[in-house]
Amino acid sequence: MKPISRLSQLLMLALVCLVLPAYAADKHAAGKTAKVTPATHAGHPPGAAIASAHALATDAGLQTIKAGGNAFDAAVTVSSVLSVVEPISSGLGGGGFFLLHDGKTGKDIFLDAREIAPKSATPQAYLDKNGDLDVNRAHNGPWSAGIPGLPAALVRLANKYGKLPLKTTLAPAIRIAREGFPVYLRLEKGYAQRSKVMERYPGTRALYLADGDPPKVGEVFKQADLARTLEGLADKGLDGFYRGNVANKMLASVKAEGGEWTARELAGYAVREREPIVFPYRDWRIVTAPPPSSGGIALAEILQVLEGWGLSKLDAAHRTHLVVEAMRRAYRDRTIYLGDPDFVKVPVARLTSPDYAAGLRATIHPDKATPSDLLPGQPAPLEDDETTHFSIIDADGNMVAATQTVNLLYGSGMVVPGTGVLLNDEMDDFALKPGTPNAFGVMGFAANAPEAGKRMLSSMTPTFMFSPDRVTALGAPGGSRIITEVLVGILGYDDGLTAQQVAALPRYHHQWMPDVISAEPDAFDADTIQALEAMGHEVNAGEGTWGNLQTVEWDRDTDTLSGGSDPRHPDGKAAVLLQP
Ligand code: DON
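Here's a quick rundown of the structure.

Conventions and cut-offs
Residues numbered from 1 in each chain as written. Predicted model: local features only at pLDDT ≥ 70, side-chain atom pairs only at ≥ 80, totals over all residues. Heavy atoms only, no water. Helix = DSSP H or I, 4+ residues; strand = E, 2+ residues; numbered from the N terminus. Rg over C-alpha atoms; globule rule 2.2 N^0.38 Å. Buried < 20%, exposed > 50% of the residue type's maximum accessible area, 1.4 Å probe, protein only. Contact = heavy atoms within 4.5 Å. Areas by Shrake-Rupley, 256 points an atom, 1.4 Å probe, with all protein chains shown as cover. Salt bridge = Lys/Arg side-chain N within 4 Å of Asp/Glu carboxyl O. Axes fitted to C-alpha atoms, helices over the stretch in contact; angles between N-to-C directions. Parallel < 35°, antiparallel > 145°, perpendicular 65-115°, else oblique. Left-handed = near helix turned anticlockwise from the far one by under 90°. Nonpolar A, V, L, I, M, F, W, Y, C, P; charged D, E, K, R; others polar. Phe/Tyr/Trp six-rings, centres within 6.5 Å; stacked < 30°, edge-to-face > 60°. Core = buried A, V, L, I, M, F, W, Y, C linked by side-chain atoms within 4.5 Å. Pairing = 2+ DSSP bridges.

1. A look at the overall build of the chain
A tally of helices and strands in the chain yields 21 helices and 20 strands. Against the 2.2 N^0.38 benchmark of 25 Å for 580 residues, the chain shows a C-alpha radius of gyration of 22 Å, consistent with a compact globule. Its C-alpha atoms give the chain principal-axis dimensions of about 65 × 65 × 40 Å. Taken across its 580 residues, the chain has 62% of its residues classed as buried. Partitioning the intrachain contacts of the chain with sequence separation of at least 6 by distance along the chain shows that 75% fall at a separation of at least 24. Accessible surface for the chain amounts to roughly 20,400 Å². Of this, 56% is attributable to carbon and sulfur atoms.

Now the structure itself:
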């Protein structure tokens, strides 16, 4: 589909929406002004809680707390251990977002360690000779990789927010990399899916085929080079990764595989600290990810649209219909407006304002789907559950919600020889060709076009929720479905569910294009599907499950700490450590 025709469809859709009858909002709900919960809380949690996608990471994080570390120190430990034991999902060669809450001051900080585009990544570089998107370049090898951000986040967390040195907080990751850990099913299956690409690269072969064949469940997987790279980071900070030996090896291997990075691009990488998106939803104060994530703006739009209705009073079909219509509109705005705020002017205030949400709400029909397009959309690819999220709260009320990634399964597939660093394939999150969907079926235009030094738009949505009596941190992997996973989690907490129930909740998703509701098998009963179809929705309930939500909660009323780790993945673990 040509971008221009899609853009004109957008404008038509906007016009159609404006003439649709307004839905009379629920009077009680509409009149209710949400209390904005204060940022600080009297008292403190009775201990610490961590939920992550791998038990080794959760346990190591709790050890860091026991050793006198705070939530930020534990975040360094959990993040680095995940980088070792979940190479399929995230790592030093990737990036991430770390949402931080300072328990003492109540301040929230968004640490943006997203990868950036190298200068060589011009839009033309990703087109084949017919002018189509070169999917191989976008997904595999050096051209798919942005300059990594995760190591810089670890250094910033330790130097500015932690109490312990990197030597201590990185020690578990170094040990596990050197001594190895047991291969589990996701690693084995993911490798089999990605092996053809991965085995193109000598560094990947040396690591993954060290014993002659691919990693198998139960085998011990060792990464001695990665242990040394982590030691360099612990000893020299940024210089251990972005300058010197490791940097030179990255430059040489990117070049050897036909890509182009410069020493200046590596040495110049810097994390950004940004103001989170903050908005009220009913009794909650929601604190979440700003651009270059699309998650916070989308959540603000969706939840503020929904606040106008008393969702709990509706039957499942009408509740789902309204949530889907709100999702549809938020993902449309994602496509058009969102990109790296250092490069494009993102209308954050407008998109997150209650008035804008009221305008969107007025375009939603009570029981008729708004068609996303006049033409059928692209089929949504099935999500692989890569990327990883962890949530932490400590006894001082400090909190971390962090989502980190190398993008697709095992990122670019390319391990830099001698470093253990697996490069990401995050460049695919740019709109490499305007209007052409990426691996997650989402597309973009100028705001998210690649440009030297620019961060690619993300859906990663680490989020905090504060109410007068409850405090939570949550987030998830799932590509473009991350935002709706977090949304379903927020609605679950608002319904009074526990952390574990929130992690288990069945999911559904709509991303404007394709114009279809994707649903997990347990999300809707047959009557609800039928009712949604009668309203004009297409429901695809046959996609299997997705996501891997990790959340912690402090219930201040009962002074209880709890965690929820997604039951879809048995490797995860939520654990609580009460203060002696
Ligand atoms: O930043 C993003 O939105 C994506 N790179 C996240 C990728 C992801 O969640 C992969 N898992 N399905």
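Now that the structure has been shown, we can carry on.
2. Regarding the pattern of salt bridges
Enumeration according to the criterion identifies 33 salt bridges in this entry. Close ionic contact of Asp112 with Arg274 constitutes a salt bridge, the shortest N to O distance being 2.8 Å. Placement of the pair is Asp112 in strand β3 (residues 108-113) and Arg274 in strand β6 (residues 272-274), with a sequence separation of 162 residues. For the pair shown, Asp112 and Arg274 are each scored as buried. Here Glu386 makes a salt bridge to Arg186, at a shortest N to O gap of 3.1 Å. Linking Glu386 in the loop between α18 (354-362) and β9 (388-393) with Arg186 in helix α9 (residues 185-198), this pair joins segments that are 200 residues apart in sequence. What makes Arg186 buried here is its relative accessible area of 13%.

3. Considering the packing of helix α8 (residues 171-179) against helix α11 (residues 224-236)
Remark: α8 packs on α11, axes separated minimally by 7 Å, with the N-to-C direction vectors making an angle of 160°. Of the possible angle classes, the one that applies to α8 and α11 is roughly antiparallel. For α8 against α11, the interelement crossing comes out left-handed. Together, Ala173, Ile174, Ala177 and Arg178 of α8 and Ala224, Leu226, Ala227, Arg228, Leu230 and Glu231 of α11 make up the contact between the two elements. In terms of residue class, the contact of α8 with α11 is built from 7 nonpolar, no polar and 3 charged.

4. With respect to the packing of aromatic side chains
A complete count under the given rule lists 14 aromatic pairs for this structure. Ring geometry for Tyr208 against Tyr410: centres 5.6 Å apart, planes inclined by 85°, an arrangement best described as edge-to-face. Placement of the pair is Tyr208 in helix α10 (residues 202-208) and Tyr410 in the loop between β10 (399-405) and β11 (415-416), with a sequence separation of 202 residues. Taken as a pair, Tyr208 and Tyr410 share a single burial class, namely buried.

5. Remarks on the nonpolar core
By size, the foremost hydrophobic cluster in this structure holds 80 residues, and its most contacted members are Phe98 and Val400. Contacts of Phe98, omitting those with residues within four sequence positions, involve Ser79, Ile109, Phe110, Leu111, Leu150, Ala153, Leu157, Phe390, Val400, Ala401, Ala402 and Gln404.

6. Let's talk about the sheet that holds strand β15 (residues 508-509)
Read from one edge of the open sheet, 3 strands run β15-β16-β17, paired in mixed fashion. In this open sheet, the two edge strands, each paired with only one partner strand, are β15 and β17 (539-540). For β15 and strand β16 (residues 517-519), the ladder comprises 2 bridges, and the chain directions are antiparallel. Bridge pairing in β16 places His509 opposite Ser518.

7. Observations regarding the environment of Asn540
Relative to the assigned elements, Asn540 resides in strand β17. What makes Asn540 partly exposed here is its relative accessible area of 29%. Between the alpha carbons of Asn540 and Asp522 there is a distance of 12 Å; along the sequence they are 18 residues apart. Apart from the residues within four sequence positions on either side, Asn540 is in contact with Val516, Ile517, Ser518 and Ala519.

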